Amino acid sequence: RVAVSVEDTGMGMTEEVRRHAFDPFFTTRRDKGGTGLGLNIVHNIIINRLGGRIDLISEVGKGTRFHILLPRIAPLERAAE
């Protein structure tokens, strides 16, 4: 497996935002042109196409971290779709 972690030291997310972060069309920036599809697309690629896993850890005032775990070789039936 391959593990990738990405983190920032930004403002972090509330529990409510974390719960919906991967939902399609969920955004906290609709008034600024956000569509709410970015994390949903990332989630679908990692889970459905590559057979991996993505975890989101965030706390208000302490930033956000994404931990991604992927198989070294994507499952053939998922990669071919």
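Structure: above.
Residues take numbers from 1 onward in each chain, read along the sequence in its written order. Residue-level local features of this predicted model are given only where pLDDT is at least 70; pairs of side-chain atoms are given and counted only at 80 or more, and the full residue set underlies all totals for whole chains, interfaces and linings. With hydrogens and water set aside, each side-chain value is computed from the structure's full complement of heavy atoms.

Visitor: Can you break down the pairing of strand 2 (residues 53-59) residue by residue, with the values?
Guide: Here strand 2 shows one buried face, formed by Ile54, Leu56 and Ser58, and one open face, formed by Arg53, Asp55, Ile57 and Glu59. By this definition, two strands are paired if DSSP reports at least two bridges between them. Runs of E in the DSSP output that reach at least two residues are strands. Runs of H or I that reach at least four are helices, and both are numbered from the N terminus. Where strand 2 folds back onto strand 3 (residues 63-70) in an antiparallel hairpin, the turn is made up of three residues, including Gly61, whose phi is positive at roughly 85 degrees. Think of it in three bands: residues with accessible area under 20% of the maximum for their type are buried, residues over 50% are exposed, and the middle band is partly exposed, with areas taken using a 1.4 Å probe on protein chains only.

Visitor: Could you give an account of the environment of Val60, naming the residues involved and the relevant values?
Guide: Position of Val60 among the secondary structure elements: in the loop between strand 2 and strand 3. Take Val60: its relative accessible area is 51%, and that puts it in the exposed class. Separated by 50 residues in sequence, Val60 and Gly10 place their C-alpha atoms 8.6 Å apart. Apart from the residues lying within four places of it in its own chain, the contact partners of Val60 are Met11, Gly12, Met13 and Thr14. We call two residues in contact when some of their heavy atoms are within 4.5 Å.

Visitor: Run through the pattern of salt bridges, naming residues and quoting values.
Guide: We define a salt bridge as a contact between a side-chain nitrogen of Lys or Arg and a carboxyl oxygen of Asp or Glu at a distance within 4 Å. The full count for this structure, using the stated rule, is five salt bridges. A salt bridge links Glu15 to Arg18, with the shortest nitrogen-to-oxygen separation between them at 2.3 Å. Placement of the pair is Glu15 and Arg18 together in helix 1 (residues 15-20), with a separation of three residues, close to one helical turn. Glu15 gets classed as partly exposed once you look at its relative accessible area, which sits at 41%. Among the salt bridges present, the one from Arg19 reaches Glu16, with a minimum N-O distance of 2.3 Å. Linking Arg19 with Glu16, this pair stays in helix 1, spanning three residues, or about one helical turn. Through salt bridges that share partners, Glu15, Glu16, Arg18 and Arg19 make up one connected network.

Visitor: Explain the side chain of Asn40 to me, using residue names and the numbers behind them.
Guide: Considering the arrangement of structural elements, one finds Asn40 in helix 2 (residues 38-49). The class of Asn40 is buried, set by a relative accessible area of 12%. Polar contacts involving the side chain of Asn40 include one to the main-chain carbonyl oxygen of Phe22, which spans 2.9 Å. Excluding anything up to four places from it in sequence, Asn40 contacts Phe22, Asp23 and Pro24. Distance and chemistry together define a polar contact, namely a pair of N or O atoms within 3.5 Å, with one atom able to donate a hydrogen and the other to accept it when in protein, and with adjacent residues in sequence counting only for side-chain atoms on both sides.

Visitor: Go over helix 2 with me, naming the residues and quoting the values.
Guide: A helix is expected to span 1.5 Å multiplied by its residue count minus one. In a regular helix each residue adds 1.5 Å, so twelve residues correspond to 16 Å; helix 2 covers 16 Å between its end C-alpha atoms and thus fits that length. Two residues or fewer after helix 2 comes Gly51, characterised by a positive phi angle close to 70 degrees.

Visitor: How would you explain the sheet that holds strand 3 if you had to name every residue and give the values?
Guide: Pairing is antiparallel across the open sheet formed by three strands, whose spatial order is 1-3-2. The open sheet is flanked by strand 1 (2-7) and strand 2, the only strands paired with a single partner. Taking the axes of each pair of neighbouring strands and ignoring which way they run, one obtains an average angle of 15 degrees across the sheet. Across six bridges, the pairing between strand 1 and strand 3 is antiparallel. When the sheet's bridge partners are listed, Glu7 is paired in strand 3 with Arg65. Contacting strand 2 and strand 3, helix 2 crosses the sheet at an angle of about 140 degrees to strand 2. Note on geometry: axes are lines fitted to C-alpha atoms, helical ones only across the stretch in contact, with angles between N-to-C directions running from 0 to 180 degrees.

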